[in-house]
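Notes for the structure review
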Amino acid sequence: FGRDGKRHPCHTQFHLTWKYDSTYQLSFQPTNNLVIIGVEFRNIAIAIAHKITMPRLDENVSLPVTEAERWQQYFGKLKQHELDHARLSSESTTLNALQKEIQLIHQIRFGFDNLPKLDAPLIGKLIALTVDTVGQSYATLIQQRYHLFDEMTSNGEAEYMRAEIFEKIFGENNPGPRWRR
């Protein structure tokens, strides 16, 4: 089911992942009750995987020629729409922007009232939580783009020009391409 509560014949799911190596340096600012974790990231890898679910005819179904042609047209249109979803989320500028955002994390600051013992596993979890927060914001951005794309194309039912739609979706303020026409 889509965001609109309606059942749609196909959909695209994505899974965004990130890996990295990091080093850190721990410091305390007793006057401000702050713990500061200075972080440096390297070997950042961003990946996205897609799963497209499409309708299918039972292999035992035999359609008249005109109906089979209509089915092929319908299926082709749906397939193109779902592939465009995948293009939206795997656009390299967006994935590179996520990588750059992770690289820009230099410090993690928090108060040290009631602080547990700071050992390497806890610090690693704090670093991972910070990176996961940034990564999840990009996953949310991609999901918002999917919904906007579905709205603008009536879930693939309306004819559309990919370059024009992508230009509107990426706009001026979002990391994304300036699509060539």
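Since the model is a prediction, treat every value here as computed from it, not as a measurement.

So, the sheet that holds strand E3 (residues 107–111)
Taking strand neighbours across the sheet as the criterion, the three strands line up as E1-E2-E3 in an open arrangement whose pairing is antiparallel. Looking at the sheet topology across the chains shown, the edges are occupied by strand E1 (11–29) and E3. Looking at each pair of strands side by side, their axes are set apart by 35° on average, direction ignored. Note that E1 and strand E2 (residues 34–53) share 18 bridges and pair antiparallel. Residue pairing for E2: Tyr-24 is matched across the bridge by Val-39. In this fold helix H1 (residues 65–90) packs onto E1 and E2, with an angle of close to 165° to the strand it touches most, E2.

Remarks on the pairing of E2
Hairpin connection from E1 to E2: four residues lie between these consecutive antiparallel strands, with Asn-33 at a positive phi of about 55°. Relative to E3, E2 runs antiparallel, the two being bridged by five bridges. Looking at the pairing, Val-35 lines up with Phe-110 of E3.

Side note on unusual backbone geometry
Negative phi characterises most residues that are not glycine, and trans characterises most peptide bonds. In this structure, Asn-43 is a non-glycine residue whose phi angle is positive, near 55°. Here Asn-43 shows up in strand E2. Its relative accessible area of 55% is what places Asn-43 among the exposed residues. In this model, Asn-155 sits at a positive phi of 55°, which is unusual for a non-glycine residue. Within the fold, Asn-155 resides in the loop between helix H3 (120–153) and helix H4 (162–170).

A word on the pattern of salt bridges
Pairing is possible between side chains that carry opposite charge, provided their charged atoms lie close to one another. The tally for this structure, following the rule as stated, stands at five salt bridges. The salt bridge involving Asp-84 is made with Arg-87; its shortest N-O contact spans 2.7 Å. Taken together, the positions of Asp-84 and Arg-87, both in helix H1 and three residues apart, correspond to about one turn of that helix. Between Glu-164 and Lys-168 there is a salt bridge, and its shortest N-O distance comes to 3.8 Å. Here the residue Glu-164 and the residue Lys-168 both occupy positions in helix H4, the gap between them amounting to four residues, near one helical turn. The exposure class of Glu-164 is partly exposed, given its relative accessible area of 37%. Overlapping salt bridges bring together Asp-84, Arg-87 and Arg-162 as one network.

A short note on the side chain of Glu-82
Along the chain, Glu-82 turns up in helix H1. Buried charged residue Glu-82 carries no salt bridge. Nearest counter-charge: Arg-87, at 11 Å. For Glu-82, the side chain forms a polar contact with the side chain of Thr-12, separated by 2.4 Å. Once residues within four sequence positions are removed from consideration, Glu-82 is found in contact with Cys-10, His-11, Thr-12, Ile-52 and Met-54.

What counts, and at which threshold
Residues numbered from 1 in each chain as written. Predicted model: local features only at pLDDT ≥ 70, side-chain atom pairs only at ≥ 80, totals over all residues. Heavy atoms only, no water. Pairing = 2+ DSSP bridges. Helix = DSSP H or I, 4+ residues; strand = E, 2+ residues; numbered from the N terminus. Axes fitted to C-alpha atoms, helices over the stretch in contact; angles between N-to-C directions. Contact = heavy atoms within 4.5 Å. Buried < 20%, exposed > 50% of the residue type's maximum accessible area, 1.4 Å probe, protein only. Salt bridge = Lys/Arg side-chain N within 4 Å of Asp/Glu carboxyl O. Lys, Arg positive; Asp, Glu negative; His and termini not counted. Polar contact = N/O pair within 3.5 Å; in protein donor to acceptor, adjacent residues only side chain to side chain.

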